[in-house]
Amino acid sequence: MITVLFLCLGNICRSPLAEGVFRQLVEERGLDGQIECDSAGTASYHVGDLPDRRTRENALKHGITLTHRARRLSGEDFVQFTYLVAMDEANYDAIQYASHRSTGFYSEENTFLLREFDPLVDDPEQGGTNVPDPYYEEANVFEQVYQIAYRCCNNLLNYIVDQHNLVAGGTQQ
Ligand code: 4NP
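This write-up is about the structure you can find in this document. Note that the coordinates shown come from a computational prediction; the quantities given were computed from them, not determined experimentally.

For the rest of this paragraph, the subject is the packing of aromatic side chains. Throughout the structure, instances matching the rule amount to eight aromatic pairs. Note on Tyr146 and Tyr150: the rings are 6.1 Å apart at their centroids and 20° apart in plane angle, and the pair reads as stacked. In this pair, Tyr146 and Tyr150 are both assigned in helix H5 (residues 139-164), four residues apart and thus about one turn of the helix distant. On the accessibility criterion, Tyr146 (7% relative accessible area) is buried. Ring pairs connect the aromatic residues Tyr83, Phe112, Phe117 and Tyr159, which therefore count as one cluster.

This part is about helix H2 (residues 53-61). Of the residues making up H2, those classed as buried are Thr55, Asn58 and Ala59. Axial view of H2: buried residues confined to an arc of 100°, hence all on one face. In H2, those exposed residues whose orientation departs by more than 90 degrees from the buried face are Leu60 and Lys61. Residues of H2 that are buried sit in contact with helix H1 (14-28) and H5. Capping the start of H2 is the job of one residue whose side-chain oxygen sits 2.8 Å from the backbone nitrogen of Arg54: Asp52. Just beyond H2, the residue with positive phi is Gly63, at close to 80°.

Overall, parallel pairing links the four strands, which are arranged E2-E1-E3-E4 in an open sheet. Since the sheet does not close on itself, it has two edges, and those belong to strand E2 (35-41) and strand E4 (111-113), each with one partner. Direction aside, the axes of adjacent strands within the sheet are offset by 25° on average. Pairing analysis gives four bridges linking strand E1 (residues 2-8) to strand E3 (residues 83-86), with the strands arranged parallel. Paired with Leu7 across the two strands is Ala86, which belongs to E3.

Here the focus is the nonpolar core. Within the largest apolar cluster, 34 residues are counted, with the highest numbers of intra-cluster contacts made by Val4, Phe6, Phe22, Ile35, Leu114, Leu156 and Ile160. Of all the secondary-structure elements, those providing two or more residues to this core are E1, H1, E2, E3 and H5. Residues Leu5, Phe81, Tyr92 and Ile95 belong to the second largest nonpolar core, which totals twelve residues.

What counts, and where the lines are drawn
Residues numbered from 1 in each chain as written. Predicted model: local features only at pLDDT ≥ 70, side-chain atom pairs only at ≥ 80, totals over all residues. Heavy atoms only, no water. Phe/Tyr/Trp six-rings, centres within 6.5 Å; stacked < 30°, edge-to-face > 60°. Helix = DSSP H or I, 4+ residues; strand = E, 2+ residues; numbered from the N terminus. Buried < 20%, exposed > 50% of the residue type's maximum accessible area, 1.4 Å probe, protein only. Arc of directions from axis to C-beta. Contact = heavy atoms within 4.5 Å. Polar contact = N/O pair within 3.5 Å; in protein donor to acceptor, adjacent residues only side chain to side chain. Pairing = 2+ DSSP bridges. Axes fitted to C-alpha atoms, helices over the stretch in contact; angles between N-to-C directions. Core = buried A, V, L, I, M, F, W, Y, C linked by side-chain atoms within 4.5 Å.

Structure below.
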């Protein structure tokens, strides 16, 4: 089983959305049973909470129901997950710090920024390195986060399929 952990700061806006979008794509492509995903935060402010209401409402508009409960990144996650995917550079740095503290190693080879998979990365209007944090923003930013998550998760899934030679309906140990 290939496992993917999406990470942001609070685990109530960006990473639970990316988890929901990615899971839907995995199911649409017949890859469930071969890839599993989860999400976590680098901070503990919202542990136990459902995703932010605005994130859930926007996800529902796209046919995705989010039921994740926020949790904090733990040392076990560095053992359990094949891939770690950060929403922004601050999350990425926090992951490296946590990895070094719990395993003695930096988590670099299997740790990515979600926007490394953005086909529009070089677009001056829509590109960028980070998924914007919508928490203190208006509704349009929640939709922008969805659009980024959708196009990046599609490409992330292409990358994983390619790396592991996955086929729809196949079995993966
Ligand atoms: P997230 O957004 O990292 O995408 O879940 C945030 C959620 C909560 C806070 C900041 C960012 N907060 O400061 O409580």
